Each structure stands twice: as structure tokens, then as C-alpha cells.
Amino acid sequence: MKKSWRMLLAMLLVTAMMFSAGCGGSADTGGGADSGGEPGKAAEVSFSYWGGDFDKARMEKIYEEFKKVHPEIKVNLIQIPSDGYEQKQLATMAAGNPYDVVQLAESFYSYASKGTLEDLTPYLERDGIDTSDYYDAAIRAYSYQDKVMAMPMRMGTMILLYNKNLFDQHGLQYPSDEWTWDDFYAAAKTITDPKNSIFGLGGVGSWWASYQTWVYSYGGSLLSEDRTQFTLDSPEAKKAIQTIQDMIWKDNIAPQASQLLQGVDMWTSGKVGMIIDGPWHILSSQANIKDFDWDIAPVPKGAKEASPLFSNAFAIPKLSKNKEAAWEVVKFWTGETGQKILAAEHGEIPPLKSVAESDAYLNIGDNPPANFKSQLTSAQRAFAPQATVKWDEINRAADTYLGQIFNEQRSVDDALAEMKIEVDRLLEEAKQLEQ
Amino acid sequence: MPRFLHKTNDLEGSIMVKTRRARSLAKRESRNFWLYTSPWIIGFVAFTAFPFLSSFILSFMQWDVLSPPKFVGIDNYVQLSQDKTYFWKDLNNTLYYALIGVPLTIILGLAVSVLLSKPIRGINFYRIVFYLPAVFGGVAVLKLWTYLLSPGTGDGMNPGLINAMLGWFGIQGPGWSQDPHWAKPAVLLVGLWGVGGSMMIWLPALASVPKDLLEAGEIDGANRFQRFWRITVPLITPAIFFQLTMGIIGSFQIFMEPVIMPGSSKTWTDSLMVVLFDNAFRFYKMGYASAIAWVIFIMIMLVTLVNLYFSRRWVYYESK
């Protein structure tokens, strides 16, 4: 009995090693194999995306149009819940059996740096697609070593939404495209009235897009240009972070954590003069706000005009067995027809400029924010987040240390000094992983 | 052939038949044994032993799932021991949950069960009421608690129900999850809500305390407290020991509460299981996560062994 146990253990060890080695190996070696599926020939493409019913309806709508142009390509739309999407994608890629088209966001960088994605640049050149027809930030967000690894489908930026009634009440001028952070601060201070729990600005925090709105437009950055150095401790970035801390604690023009309400939206309930947040607030404000007038504007300017970009894109894994057909799919979804269908929702900005600038997008219907067009200004000012293979971990570091600054009034210098140690270590790890 | 020889032969033959039969019976029995136990064995090997061993091997490797694993020796463990921001902080939080949470759960659980062991009218109703929280569990309830515990301490802010009720008595409620000092107690508080669930263990234990001993105590002039402390408690030490052991193991594995109702800074409330999960399934550092898993395992093992060792001094089994 004892002997057979030992056998069993040995076998387990061997299978464990084989399993883990096999997994990585297959993903690594799959680079060269070229695609089957010539254009024009019958082909099947599996297409995975995340999201809910809304996303599903959009994808199916685009597919209906696609069928008319490419009846020979059958697309299997595979909806994966957002929760667990990354894990699923990673598992299929590691198993060497990826979907032919995959939707990705910032994690594209990890996949690209490990050589699992097809470089789309040759396809773009061959088919005469000019990437300058797309917003610059959206293309740059999916470029790895100057190669386009994915084509952007949707984008948005941090924007400013403001409550016109609160501005009128204090006789303040509405925010414009040319507003500066000083204008912003002064207005927020005027609106703030803690006795009635009214704040100039809604929640601001350690979430990357939130703090980076200040940092980048103040002229700072999280990482150096080549993403190998931690630069959040530069004087510009420090000033931006100090400003956020002051907004929360010194002048209390933004609520402290304990002043937030669980389950109550301070923006739609009219408790805040402004919020600086994602574009998803536009449609929900249009649907939910009845008690006051509101509008949108680009985020204020500092030393620079900069607003963080949210986006997602479609990529083709190197191990896809049907790259030509997959490319047709990507091209169609991110091309004019697909973009127009997205534009009709008026939510996120279509990265294809000609569509974004057309009425298909700008004509937003009932109860529109008057300055909806400022979305385009924001898109021009957008900057792509500095993704690395350590994107998630660096975000956790920011959440931890900036959280200490914003929630516990820790000194900016102390917290950033500690954050630097951690991020430096992560960047060192990133360097090794990318080699 | 002489008759006796024939008989002998016969005898030999029947013995041989018998042994053959016995052998085939033994064979069939062993085959059946493997057959009937195979669901468990296969399950154990595939879902327990294999991951267990893999994680041990992985804990000495660096593996991001996409690239092949790389052997790094004890690097993961070294890095872990130096990780003050997450690992040590989260270990500290976990120990807090164990050291404060487990005794509180035992004392409150026992207190509730003692009350619910009294033969009063409508006792079943009370038992159901106190047991229900153990049935309702999970994310929805935790979400509800985040609303109940909403602080709203600013001027003119509407607090959650708990702080509102404290306000009726002129008490300024704490910031709960939004306050670095109250975030962990908030997590414990939510756990205590389900304390009635432990009556499944306490009630039978209390019922098994012999009535004659309690009566004898009463006749000898022991008051209620003395009877409880000197007769009941010693007799239910096996149940206390069981709750203590399971409670400590459970509190080392606390996961859902800090994930669903984290503090304003996650590091206020995160437990070891959260840092394990984050490393495995957010950062895809499987080796590092495996190392954490083994550290948790070894800690639970050690604490349980220490517990077991000292139990000889205070746990009383009737059979001894």
C-alpha cells in the first residue's frame, strides 16, 4: 500500500509538471503559423466579448449588417460576463485554443508583450486603412512597440458634468472648453455648503482615471515615457495629488469618505455641483435627472489638456486558425458600419472620427446636454493610460498609497516615497517578464 | 482406484475449489471496493490531491499562466516575508479577525443558545428567528449591511439605519467601513449577526448535561452562575473545543466579508485569502499565490496542533 502511494505521488508530480510546462509551451511556440481561410472562402470565426444584454444587442445588430456583406463568414458571437472575462480569455489563450477575435482593454499590453497577439499593422497597410482616421489616443492605447495590436471599438474620456441650477444659484459662469483648474476650484468652493451637505465636486479617489485626470493635466505622469520609471513623485504630479488632498480635507469641497452615502448617487440627487467621471453618466443623467438642468464640459485644463481615455478594442490572437476571416470581422466592426451602429447609442464615442463628428453620434435626442459636442473636444485631448504588464498591480499600489493620502490624510511625500519602492519593484519584475 | 484414495482426491478437490472460490471472492470484493469508492477517490485525486501538490510545486515557481513556469527556489517565500504593505498587513487583519472574532462568536453563540435552551413558550419561534441569519447568507446580506452601516457623519447627511438608531440615544455613530479604526469591527459585526447558526452545536451539548448533576448542585446551594460555570461549562468543553478549532480555521479563511464590504482603503480590511485571490486571479502570479496558500495552510496547521495539545488540559470527555 505504501509503495503504491508513492507511485501515485510520483505520477501526480509528473503530470503536474507536464501540465504546467505544456500549457505555457504551446502558447509560446504558436507564433509563426500562418492563417488558413482565404477571403471569399467559407469560414467560421469565434468572437468573444464581454458585457450584458445591451452589448449583446449591439453585437447582433452589427452582425446582421455584416452578414449582408460577408455571407461566407459565419460569426459565432460568444458573450462572456464581464466578471471573469479576463480569466476565461487567459485560460483559452494558455490552452493554445483562443477565440479568433477577442475584446480587450488595458490587459492587451500583457498579451501583446507575451507575443500572443497578431500584429495588425500589415493588414491595415494592405487594406489601405489609415489609422489617423481614428482618434490618436485610441490607436496609441493599443500600440505595442509602434505596432497596432488591436483596433478600437469604443472610447470615452473623463468628463466634467455640472449642475446648472447650483451654478445659477451662486451666479457662477458655466464651465467651458477653456476652463482651468483655478476656475474650477473657485467655483467648487463657492458651491460647497457642508451645512446642507452640498459639495462642489462629487467623489474623487485613488481610482486610476480619477487621480490621473489631475496628475496628467498638471503636467505630471505615473510613469516615464518609456514606462520604465516611476514619475508620480515629480513636483508636478505631487502638486496635483496635494490639490486632491486639499479638496477633500483642507477645503472639503469634495466629500470625505465618511461623508459619502451608501446607495445614494450624490450627482443625480443634486447634492454636488460637479462630478469628474466617465462618459457613462451622460445617458444615465439623461434618463434619471428630472429636478435640475445639467450639462457637460471637458475636464479643466492645467499645464496640459489631458483627460484619461477609456476604451476597448478587438484583437486577433496569433493562434487563431482563421486570421483572414477574423480580420474581416475586426475591420467591419471597427469600420464605418459598426461605428455608426455604436454611434446611434450616443453613449461612448466612436473612435472613427468621421462617424463621431457626424450627426449619427452628435444628434442625441430628448433632453440632451447642450454641450454634447464637447465630447469631441475631450476625445481630442484624451491620453492613453500607461499600461504595462503590471497594470493591475500598479493600480493596486495607487489605490493603497493614494488611498492613504485621500482617506487618512497621510502626507503626500511619505506615501509616494513608499509607493515608489513598490512600483520600482513591479517595474523591475515587468522588465524581466517582457524579456 | 481404491475407495479411500478416491475420497482423498475428492477432499483435495473440494479444498481446491473452496480456495479458488475464496480467492475469486476476495478479488471481487477488492474490485467492488475500488469501484464503489472510485467516485470519492477520483474526486479526491483530481480536485484535492492534484491541486494540493501542484500548488506546492508552483510555490517555488514563477508562473503567469501564459508563459512557461520558471523555477525560482524560495524567492516567493522571501518576497512574501518582505511584503509589509499587503501580506503582513493582511496577516495582521486576519489575526485580528481570529483573536477578537472567535472568542466573541463563542461567547455570544453560547449565550444565545443558553437562552434558547430554556423551556419557554414559543421557543421554536425564537430558535427560528435566531437561526435564520445563518440561512440567509452571502453577498446580498453583506450588501445590505453596507447600507445599514453607512456612516453619514457629515453635517446634514443621512446616516444608515444603525447610526440613525445610535443617534436616537445621542450617540454619534462611527464611520464604520470609512474609518480606519472601525472598518474591521464592522466586518466582525456582520459575522456576529449569524451567530445563532452555532446553536446547532450548542443546543445538543447543553441538552446532554445530566440534569441530576445540576439538581445536585442546586441542592448543595450553588447559584445559577455557579451551576453554569462549574457544572455546565466543564461538561460542554468538547463543544467549546470544537467551536474554537473550527472558528479559528474559518477565520483564517475569511474572504467574502472583506471583499463585499471593504474599508475605504482595502488594506484596512483585507484578509490573507483576499491577497491570495488577488495574486492568483487578478495579477496571475500563480507561484506567489501558491506560496501564500501554503503559508496559510501551515499557520492553520500549527494553530490547530497547539490547540489540540493544550486541549488535554481543559477539555473533559465523559468517557475518560
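Residues numbered from 1 in each chain as written. Chains lettered and ligands numbered in written order. Predicted model: local features only at pLDDT ≥ 70, side-chain atom pairs only at ≥ 80, totals over all residues.

- Labelled according to an unreviewed UniProt entry, chain B appears under the name Multiple sugar transport system permease protein, originating from Paenibacillus lactis.
- A UniProt comment under Sequence similarities (unreviewed entry) is attached to chain B, and it reads "Belongs to the binding-protein-dependent transport system permease family."
- Its UniProt record gives chain B the following Subcellular location (unreviewed entry) comment, quoted word for word: "Cell membrane". (UniProt positions renumbered as here; feature names shortened; annotations may be inferred.)

- Where an unreviewed UniProt entry is consulted, chain A appears under the name Multiple sugar transport system substrate-binding protein, with the organism given as Paenibacillus lactis.

**Concerning the overall build of chain A**
Next up, step 1: When helices and strands are counted, chain A shows 18 helices and 12 strands.
Next up, step 2: In chain A, buried positions account for 48% of the 435 residues.
Next up, step 3: Taking the intrachain contacts of chain A between residues at least 6 apart in sequence as the baseline, contacts between residues at least 24 apart amount to 75%. (Helix = DSSP H or I, 4+ residues; strand = E, 2+ residues; numbered from the N terminus. Buried ≥ 20, exposed ≤ 12 C-beta atoms within 10 Å, placed from the backbone. Contact = placed C-beta atoms within 7 Å.)

**A few points about the overall build of chain B**
Next up, step 1: A count of helices and strands for chain B gives 14 helices and 2 strands.
Next up, step 2: Here the C-alpha radius of gyration of chain B, 29 Å, is well above what a compact globule of 320 residues would show, namely 20 Å.
Next up, step 3: C-alpha atoms of chain B, sized along the principal axes, occupy 115 × 75 × 35 Å.
Next up, step 4: Taking contacts inside chain B between residues at least 6 apart in sequence as the whole, the part at least 24 apart equals 66%. (Rg over C-alpha atoms; globule rule 2.2 N^0.38 Å.)

**Here we look at the domain arrangement of chain B**
Interface size, as often reported, equals the accessible area lost upon joining of the parts.
Next up, step 1: Once the domains are mapped, chain B shows domain 1 (3–58) and domain 2 (78–314).
Next up, step 2: For domain 1 of chain B versus domain 2 of chain B, the separation of C-alpha centres amounts to 47 Å. (Domains from an automatic or database assignment.)

**Quick look at the UniProt feature "transmembrane region" (unreviewed entry) in chain B**
All names here are of chain B.
Next up, step 1: According to UniProt, the "transmembrane region" (unreviewed entry) feature falls on residues 33–61, 95–116, 128–148, 186–207, 228–255 and 291–310.
Next up, step 2: Helix makes up 100% of residues 95–116 and strand 0%. Its end C-alpha atoms lie 31 Å apart.
Next up, step 3: Annotation note: span residues 291–310, helix share 100%, strand share 0%, distance between end C-alpha atoms 29 Å.

**Points about the confidence of the model for chain B**
As a general rule, the predicted coordinates of low-pLDDT regions are not to be interpreted in detail.
All names here are of chain B.
Next up, step 1: Chain-level pLDDT for chain B is 88 on average; 92% of the residues reach the 70-or-more range.
Next up, step 2: Counting contacts from residues 1–5, a segment whose pLDDT is below 50, to residues more than four positions away or on other chains yields 1 contact.
Next up, step 3: We note a pTM of 0.82 for the whole complex and an ipTM of 0.79 for its interfaces. (pLDDT = per-residue confidence, 0-100.)

**A closer look at the packing of helix α8 (residues 199–207) of chain B against helix α11 (residues 237–252) of chain B**
Working note: a packed helix pair is described by the angle between its axes plus the distance between those axes.
All names here are of chain B.
Next up, step 1: Running from N to C, α8 and α11 point in directions that differ by 165 degrees, and their axes come no closer than 9 Å. For the element pair α8 / α11, the angle class is roughly antiparallel. Remark: the crossing between α8 and α11 carries right-handed chirality. On α11, the residues touching Ile 201, Trp 202 and Ala 205 of α8 are Ala 239, Phe 242 and Gln 243. (Axes fitted to C-alpha atoms, helices over the stretch in contact; angles between N-to-C directions. Parallel < 35°, antiparallel > 145°, perpendicular 65-115°, else oblique. Left-handed = near helix turned anticlockwise from the far one by under 90°.)

**A few points about the domain arrangement of chain A**
Residues and elements named next belong to chain A.
Next up, step 1: For chain A, the assigned domains are domain 1 (35–155 + 310–381) and domain 2 (157–309 + 385–434).
Next up, step 2: Taking only C-alpha atoms into account, the centre of domain 1 sits 28 Å from that of domain 2.
Next up, step 3: Taken residue by residue, the interface counts 25 residues in domain 1 and 25 residues in domain 2.
Next up, step 4: Where the side of domain 1 that touches domain 2 is concerned, the elements lending two or more residues are α4 (108–113), α6 (136–140), β11 (307–315) and α16 (374–381).
Next up, step 5: The residue inventory of the side of domain 1 that touches domain 2, partitioned by class, reads 10 nonpolar, 12 polar and 3 charged. (Nonpolar A, V, L, I, M, F, W, Y, C, P; charged D, E, K, R; others polar.)

**Remarks on the sheet that holds strand β10 (residues 294–298) of chain A**
Residue and element names in this part refer to chain A.
Next up, step 1: Read from one edge to the other, the open sheet built from 4 strands follows the order β8-β9-β7-β10, with strand pairing classed as mixed. Both edges of this open sheet fall to β8 (199–201) and β10, since each of them pairs with a single strand only. On average, each strand axis in the sheet is inclined to that of its neighbour by 25 degrees, with strand direction left out of account.
Next up, step 2: Looking at chain direction, strand β7 (residues 159–163) and β10 are connected through 5 bridges and run antiparallel. In the strand pairing of β10, Tyr 162 is matched with Asp 295.
Next up, step 3: Strands β7 and β10 of the sheet are contacted by α16, whose axis makes an angle of about 25 degrees with β10. (Pairing = 2+ DSSP bridges.)

**Observations regarding helix α7 (residues 183–193) of chain B**
All names here are of chain B.
Next up, step 1: Among all positions of α7, only Ala 183, Lys 184, Ala 186, Val 187 and Val 190 are buried. Buried residues of α7 fall within an arc of 160 degrees about the axis and therefore sit on the same side.
Next up, step 2: Elements in contact with the buried residues of α7: α3 (84–116), α5 (139–148) and α12 (256–260). (Arc of directions from axis to C-beta.)

**What about the confidence of the model for chain A?**
Next up, step 1: The predicted model of chain A has a mean per-residue pLDDT of 88, with 90% of residues at 70 or higher.
Next up, step 2: Contacts from residues 16–37 of chain A, a stretch scored under 50 in pLDDT, to residues over four places away or in other chains number 36 contacts.

**Things to note about helix α8 (residues 181–191) of chain A**
Residue and element names in this part refer to chain A.
Next up, step 1: Along α8, the positions that sit buried rather than exposed are Phe 184, Ala 187, Ala 188 and Ile 191. Projected down its long axis, α8 shows its buried positions confined to an angular sector of 100 degrees, all on one face.
Next up, step 2: Contacts from the buried residues of α8 go to α7 (164–169), β8 and β9 (272–277).

**What to know about the packing of α3(B) against α8(B)**
All names here are of chain B.
Next up, step 1: Where α3 contacts α8, the two axes come as close as 9 Å, and the packing angle between them is 55 degrees. Our classification of the angle between α3 and α8 gives oblique. α8 is crossed by α3, and the crossing has right-handed handedness. Side by side, α3 and α8 meet where Gly 109, Leu 110, Val 112, Ser 113, Val 114 and Leu 116 of the first sit next to Met 199, Trp 202, Leu 203 and Leu 206 of the second.
Next up, step 2: Its residues placed into classes, the contact of α3 with α8 shows 8 nonpolar, 2 polar and no charged.

**What about the environment of A:Ser354?**
Next up, step 1: As for its position among the elements, A:Ser354 is in helix α14 (residues 353–356).
Next up, step 2: Taking the C-alpha atoms as reference points, A:Ser354 and A:Gln409, separated by 55 residues in sequence, lie 46 Å from one another.

**Notes on the nonpolar core**
All names here are of chain A.
Next up, step 1: The biggest cluster of nonpolar side chains holds 149 residues, and the ones touching the most others in it are Val 101, Phe 108, Leu 201, Val 215, Ala 315 and Val 329.
Next up, step 2: Of all the elements, helix α17 (residues 391–408) adds the most residues to this core, at 8 residues.
Next up, step 3: Non-local contacts of Phe 108, meaning those with residues more than four positions away in its chain, are made with Tyr 142, Met 149, Ala 150, Ala 313 and Ala 315. (Core = buried A, V, L, I, M, F, W, Y, C linked by C-beta atoms within 7 Å.)

**Regarding the environment of A:Lys56**
Residues and elements named next belong to chain A.
Next up, step 1: Here Lys 56 shows up in helix α2 (residues 53–69).
Next up, step 2: Exposure remark for Lys 56: the 13 C-beta atoms within 10 Å place this residue in the partly exposed category.
Next up, step 3: Considered as a pair, Lys 56 and Ser 176 are 120 residues apart in the sequence and their alpha carbons are 36 Å apart.
Next up, step 4: If sequence neighbours within four positions are ignored, Lys 56 has contacts with Gly 51 and Gln 79.

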